[in-house]
Structures are given as C-alpha cells and as structure tokens.
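Here is how the chains run, residue by residue.
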Amino acid sequence: MNRRSCITAALAALSLTLSAGAIAQQGLKTGKVGVIVQMSGVSADFGVGVQHAMEIAKQELAERKIINLQVFYEDHQQQAQLALVGFEKLVDRNDVAVVIANASPVILALAPVAEERKRLVYNFAGVSPKLRGLNKWVINGAALSDMDGTALAQYMVKNGIKTAAVIHVDDQFGTSVAEFFQNAFKKAGGKIVDVESNPVGALDLRTQLLKIKNANPEAVVILNNIPEEGYTVAQAREIGITAPLFSNTFMMDPQNVKVAGNAINGVRGMSLQFDPERSPVAKDFSVKFNKRAGRDPSVTDVLAYDGARLVGEAMQKVGNDPAAIRDYIVKVKDWPGAIGKINFDAEGSISLNMSRYEFVNGKPVFSNQ
Amino acid sequence: MNLFLELLVAGGVAGAKVGIAALGFALIFYTTREMHFAFGAVSVAAAYPCYWVVRALGDGPAATMLGVGAAFAAAVIFSIAIHKYVYLRLRSVLPVVMASLGISLIVENVIQIIAGPDIQVLSYPALINIVEMGPIRLRVLEIGVFIGFVIVAVSIDLFLNHTRLGQGLGATMDDPEMAELVGVRTSRMRMGAYAAGAALGALSGVVMLVDTGLKPANGFPLLLYALIITIMGRGSMRSVAVWSILFGVIRSLWSWEFSPDLQELAVFALMVSYLIARDAWDRYQFNRIRPVSRPTGSGAARAGT
C-alpha cells in the first residue's frame, strides 16, 4: 500500500468514526453548561482537576444516552471580577442555562448577576457559610462550613480540648469559615487563644505559626486553601508545634498530602468522605479520573463530577429552562452520587454526612460520627 | 524574647531564599538595564528538568547533581536566547517590558501543558531533618540555603571588586558607554550577566522544588520579591544582599507586635519611604551650594599668565 492509499484509508476510517459518533448522538437532547474555575495562576491544579471531572461526566452522559452536554470553560484565576466577565461571556455568547463554578468569593459575586440574568449557578466547592440561602438561582452542591465547623468544634471539645488557635486564609472563604468555627467552639465551651491569617497563595507561614506556638494552644485548627493547608502542617511541625492539628474537607486533597509529607500523619478533622469502594459509581469515576489526571480525585473533583451529572440529568428531564432545572435538582431524593446519596435542603444547599478522619501513613482513615 | 529570636531567624532565612533570586535578577538588570520580567517564569521552568532527571535516574547524589546541572543549563541557554533574539532586537525599554511579560506568560502556560498544574516536590529526608539551637528549630535545607546565600553574595562581591573580569562587569553596570570606550566588551558582559543571573534563578527554582514544591505559577512571586529588592538595591549588589535579608527580617518582625495581615503593607511602606528619603538626600547633596575652593600656589600663577 503506497502512502496515498494509506492516507485515504485513514481519512475514510476517521470520517466513518465521526459519522458513527454523530449518528450515536442523534436523538439526544443537547444542554449547554458553562464552567468557571481557576485554570491558570496559582490554583490552576484545582481547576484542571475539575476539568478532568467535567469531561468524564460529559462522556458518561453521552455514552448512557442521557444528554449531549456542551461544556464551555472560563478561567477565573481565583478572582471574582474575572468570574463575572466569564459569566457574561457564557450567557451572551454561549447562551448557557447553568454555570458550574467554585470558590466562595466567586459564588458571592455571581449570585446577584445570576438573579438578574436568570441563570442557575451550581456551586460545587465554595464552602463559606455566607453562601447559604443567597438566592434561588444559586445551588450549593458543596457542604458549607457551618456543617463541618460545628461538627469539628463539638468533636474537639468532646475530646477534652479547651483552648485552640486558628490559622486561616485571608479571603472571603477563610474569614467566614474561621469566624463560624470560633463561634461554634466558644459555644461548645472552648476558648480561642489566637487567630492568625495568611494571604492567598502563601508559601511561608512560619511567622503566623510562631505566634500561634507562642500562644501555646491545646490544638491548632487549619482553615486554609490547597496546598496552603499542607504547608501549614509541614511548617507547624518544623517549628516545633506539637499540639494536635485539626482541619476540614480541604485537607483531603492529594496536593496537601504531597507537600506535607509525613508531617500530615496525625492530622484530624471532619470531612465529606469519598470512598471509591463504597459504590460502583465512585469506583468507576476514581479509575477514570486516575487514568486522565494521573492522580486520585479529590473531594472537590468528585463534587464537580456529581454536579455535572446531576445538571445533565436535570436538563434531560426538564429541558434548558434554568428555573425548572433548579426545581428538579433541589427536589432529588437520595440521588446516587459518587460522594454518596445526595439531597438538598429547602434553601438549595446539599445535605451530606460528615465523617471524622485521621491521617495514618499519609492516608485519611475515616470513622463515622 | 524567644518569639523575637525565632521571628528574627525565620525572617533571615526567608530573606536568604528570596535573596538568591534577587541577586540573579539584579545582576541582569544592573548590567543590561533590561526589565527581564520573564525571570521568575524561566527560573521555575528551569527547575523542571531537574525534577525530571531526578525522577528518571533516582535521587542519588550523582542524579541530583545531573539534575541541578540540567536546570542551570536550561536557564542559561534559554535566558541568553531571550536576550539575544528578542530583547536586543527590540532595543527600547517598553517593548522589552511587554515582550518579557509575554514570554513569562507563554513559559508558564507551556510548562503547565507539559508538566501539568500539580505541585511537584523532590523529597530528601536528610534535608528536612530538624536542627535545634536553643529555641530555634531549622531544617538542614534552610541552614544550607542561608549559607549558600552568604557564599553567593560574598563571591559576587569579591568577583566584582577583585577580578579583572568582574571590574569589567562593574564598569558595564556603572557606565556602559565609557566601559566600551576603554575596551570592555560590554556585549559579552551582558551575556555573562544573563548566564550568571539565570543560574542563580535556576538555583532558586531548585530550592523551591525541594522546599515547598514547584508549580508553573510560582514564578510570579519569585519575580515580584526579586524586583522589589533590586529596586531597593539602587545599583549596588552589596545593597541587594543586605536588603534581601532586611526584607525577610522586617516582614517577620512586624508580626512580633502587630498583625501579620499587614506585614506586606508595612514592608512596602517602609521601602517606599526609604526610596523617597534616599532620593531626596541625593538631590540635596547634588544641589547644595558648596564653598568655592580658592586656587592656590602655582595654579593661580599659571592662570594669571
């Protein structure tokens, strides 16, 4: 076979494959979804992981003949103003019905615009308690920190911890989560002896940690971004903080484990539990994600995947009307997500069970409350 | 008192980490007058070959040395190529600034495409061992970085003041036209500055790889701090070394009595105040009326003839 024949045969095979794909997708409804995450800048690892999760969900929805989901991405680089520009672009140019987004400052900025433009925002990773009940156009598909904050405070006090110091990231998420935890801890009978904050993207937190060490708390609570939580753990142990370290769901992220190394062992806290062995959906996603991204999925990757599948299913059932999609989503009962059975409360915030965890040999070991 | 001491040492070490990159950036900027904003991105990008080499060959001393060598080579070749084929063709300040910003973005994104956005860390247990000195606890890595910074700073000082080549480089920094007139090959000096500066940048990137881990976007903070310290140095490599340590110490000590939230603001306010005061003092020195020295002896006689 000469070169020309080879090329002709290859082109023929390609066109047949494409036609077969097109035929397979015929008859499927089409839904347009926008995704605004951080795909460049200091938190790009987070957004790119989410992109993998979205693509897996999109492929599965098409394969199972549920819907042909068209996904349009915008990059917010952890900046609310860029998210707003991205949102307008997605609505005006791509006419998306739903925008899937993350980060508390971003969701807070998008909420009024979503209401004005009558588009649904599905938040899969913003966890600030201020996101609860923003308006009917925002669905919180992430467990807000008033859930794990209260549970964490009660768990610590129950374990005899009377004084604690808090280190948190200095943004909308960090300040509100830290404030909520402090109130819950005081209410449970504890005392906060020091609160320190660090800027977004900080690599060196020793100054803050030295002040915490000087305050001599019985425990340190870390409410930071990824991988700053990992840096905090490593540097706390390095400067000689021996008090137990507690944290939230974000500590589960593999990036934290990578930067903290062995120092992460013994870190405890409250988190959503993603167990790939729990269900076939979770196992299947975990395998596919690992193949695409070269690492295990984080809890936020799982929540993004569940969010995309749920939105896709809603679009198939009720069409592209954002209000109808919202009503469908908040009414689901025990929806089988990879994270577990998903339900929403009347305000449109997800209800999921929290689990206690402790890192042993670099892996979280869970125990139910 | 323990807290003060701990903050002082932590600040000094943090300053030394930034200082290695600042010395590299300053060497390039003072010699070429080119705002090489791609410095941070190139320094971080250069550390990736080190990571790949160590991952492929293991973390033994030979593989590590080879990896560090690969990082140096990548940084030097790439930086000289940028200088020669981009900046020199643009010739004026603003296009160079724009081009360097563009290159920085391209490098960051290309690295993200090739290596992915995830953090890459090289872990050497020997380097993360803790050394205790009274209330001070430091990793072996930090002690090594501080000593390395001092060696680099002193070596640059000795090189500039006590070698012929170094004096040629110093002359190019002070007055390139005059240096050219007296026979200094300033174009080679500029190349040399790029090579040495890029190597220091790569060293910074490699330290980051072992210290906090490396992400493609880590170049920007590296550049920002190096740029600020270079401006504070006002053309003197010795000042750059001193300001690097001061930068870290002031930031850290601010937290002794005040909130760390405001440490960046405090440091920048202090630095800007210093620059304004120093500039005002220089103008005062330049403009003040000095007493005219009276000509004496044979000079006066010659003037009269």
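Residues numbered from 1 in each chain as written. Chains lettered and ligands numbered in written order. Predicted model: local features only at pLDDT ≥ 70, side-chain atom pairs only at ≥ 80, totals over all residues.

Caption draft 1: How the structure looks around the packing of helix H2 (residues 39-57) of chain B against helix H3 (residues 61-90) of chain B. All names here are of chain B. Between H2 and H3, the shortest axis-to-axis distance is 8 Å and the interhelical angle comes to 150°. Between H2 and H3, the angle is such that the two are roughly antiparallel. Viewed along their axes, H2 and H3 form a crossing whose handedness is right-handed. Where H2 abuts H3, its residues Val42, Ser43, Ala46, Ala47, Pro49, Cys50, Val53, Val54 and Leu57 lie against Ala63, Thr64, Leu66, Gly67, Val68, Ala70, Ala71, Ala74, Ala75, Phe78 and Ser79. Considered class by class, the residues forming the contact of H2 with H3 number 16 nonpolar, four polar and no charged. (Axes fitted to C-alpha atoms, helices over the stretch in contact; angles between N-to-C directions. Helix = DSSP H or I, 4+ residues; strand = E, 2+ residues; numbered from the N terminus. Parallel < 35°, antiparallel > 145°, perpendicular 65-115°, else oblique. Left-handed = near helix turned anticlockwise from the far one by under 90°. Contact = placed C-beta atoms within 7 Å. Nonpolar A, V, L, I, M, F, W, Y, C, P; charged D, E, K, R; others polar.)

Caption draft 2: Examining the interface of chain B and chain A more closely. Taken together, the contact between chain B and chain A spans 23 residues of the former and 27 residues of the latter. Of all the elements in the fold, those that place two or more residues in the side of chain B that touches chain A are helix H1 (2-32), helix H4 (93-115), strand E2 (136-139) and helix H10 (237-257) of chain B. Top contributing element to the side of chain B that touches chain A by residue count: H1 of chain B, with five residues. Of the residues that constitute the side of chain B that touches chain A, the class distribution is ten nonpolar, seven polar and six charged.

Caption draft 3: View of the environment of Arg251 of chain B. Residues and elements named next belong to chain B. Tracing the backbone shows Arg251 in helix H10. C-beta crowding within 10 Å serves as the criterion here: with 25 such atoms nearby, Arg251 is assigned to the buried category. Residues Arg251 and Ala10 lie 241 residues apart in sequence; the distance between their C-alpha atoms is 10.0 Å. Setting aside residues no more than four positions away along its own chain, Arg251 makes contact with Gly11, Gln263 and Val267. (Buried ≥ 20, exposed ≤ 12 C-beta atoms within 10 Å, placed from the backbone.)

Caption draft 4: Representation of unusual backbone geometry in the model. In the segment running from Ile226 of chain A into Pro227 of chain A, the intervening peptide bond is cis, with an omega of 5°. Structurally, Pro227 of chain A can be placed in the loop between strand E8 (219-223) and helix H8 (228-238). Of note, Asp95 of chain A is a non-glycine position whose phi angle comes to about 50°, a positive value. By the secondary structure assignment, Asp95 of chain A is in the loop between helix H3 (80-92) and strand E3 (98-101). According to the C-beta neighbour criterion, Asp95 of chain A is exposed, with 12 such atoms within 10 Å. For Arg33 of chain B, which is not glycine, the phi torsion reads 60° and is therefore positive. Inspection of the secondary structure puts Arg33 of chain B in the loop between H1 and H2.

Caption draft 5: Spotlight on the domain arrangement of chain A. Residue and element names in this part refer to chain A. According to the domain assignment, chain A consists of domain 1 (26-143 + 277-351) and domain 2 (146-271). Its C-alpha centre places domain 1 at a distance of 28 Å from the equivalent point of domain 2. For the side of domain 1 that touches domain 2, the elements supplying multiple residues, two or more each, are helix H2 (44-63) and helix H4 (104-117). Top element by residues in the side of domain 1 that touches domain 2 is H4. It accounts for three residues. Here the residues of the side of domain 1 that touches domain 2 are counted per class, giving eight nonpolar, five polar and five charged. (Domains from an automatic or database assignment.)

Caption draft 6: Representation of the nonpolar core in the model. Ile100, Phe181 and Val220 of chain A together with Leu23, Ala47 and Ala226 of chain B are the most contacted members of the largest nonpolar core, which totals 208 residues. Structurally, this core is a two-domain feature, drawing no fewer than three residues from each of domain 1 (26-143 + 277-351) and domain 2 (146-271) of chain A. Aside from chain neighbours lying at most four places away, what touches Leu23 of chain B is Val152, Ala153, Ile156, Leu200, Met237, Val240 and Ala241 of chain B. (Core = buried A, V, L, I, M, F, W, Y, C linked by C-beta atoms within 7 Å.)

Caption draft 7: Highlighting the pairing of strand E14 (residues 355-360) of chain A. Residues and elements named next belong to chain A. Burial along E14 is one-sided: the face carrying Ser355, Tyr357 and Phe359 is buried and the face carrying Arg356, Glu358 and Val360 is not. Here strand E10 (residues 268-271) pairs with E14 via four bridges, running antiparallel. Looking across to E14, one finds that Ser271 is bridged to Ser355. (Pairing = 2+ DSSP bridges.)

Caption draft 8: Representation of the sheet that holds strand E5 (residues 138-140) of chain A. Residues and elements named next belong to chain A. Read across the open sheet, the five strands follow the order E2-E1-E3-E4-E5; overall the sheet is parallel. Lying at the two open borders of the sheet, with one neighbouring strand each, are strand E2 (68-75) and E5. The sheet shows a mean angle of 25° between the axes of neighbouring strands, taken without regard to direction. Note: strand E1 (residues 30-37) against E3, four bridges, orientation parallel. Looking at E3, one finds that Val35 is bridged to Ile100. Each of E1, E2, E3 and strand E4 (120-123) is contacted by helix H11 (residues 299-318), which is oriented at about 170° to E3, the strand it contacts most.

Caption draft 9: Fine view of the pairing of E3 of chain A. Residue and element names in this part refer to chain A. Residues Val98 and Ile100 of E3 are buried on one face, and the alternating residues Val99 and Ala101, pointing to the opposite face, are buried as well. Judged from the four bridges that link them, E3 and E4 form a sheet pairing that is parallel. Each bridged residue has a counterpart across the sheet, and for Ala101 the counterpart in E4 is Asn123. Once the chain exits E3 it traverses H4 before rejoining the sheet at E4, and the crossover so formed is right-handed. (Right-handed = clockwise from strand over helix to strand, strands pointing away.)

Caption draft 10: Region of interest: H4 of chain A. Residues and elements named next belong to chain A. The terminal C-alpha atoms of H4 lie 20 Å apart, and with 14 residues this matches the ideal 20 Å at 1.5 Å per residue to within 8%. The sharpest bend along H4 measures roughly 35° and falls at Ala111, with the proline Pro112 sitting one to four residues further on. Turning to H4, its buried residues number three or more, namely Ser104, Pro105, Val106, Ile107, Leu108, Ala109, Leu110 and Ala114. In the core, the buried residues of H4 are packed alongside E1, H3, E3, E4, E5 and helix H6 (172-187). Just beyond H4, the residue with positive phi is Lys118, at close to 55°. (Expected span 1.5 Å × (residues − 1). Bend = angle between axes of the 7 residues up to and from the residue.)

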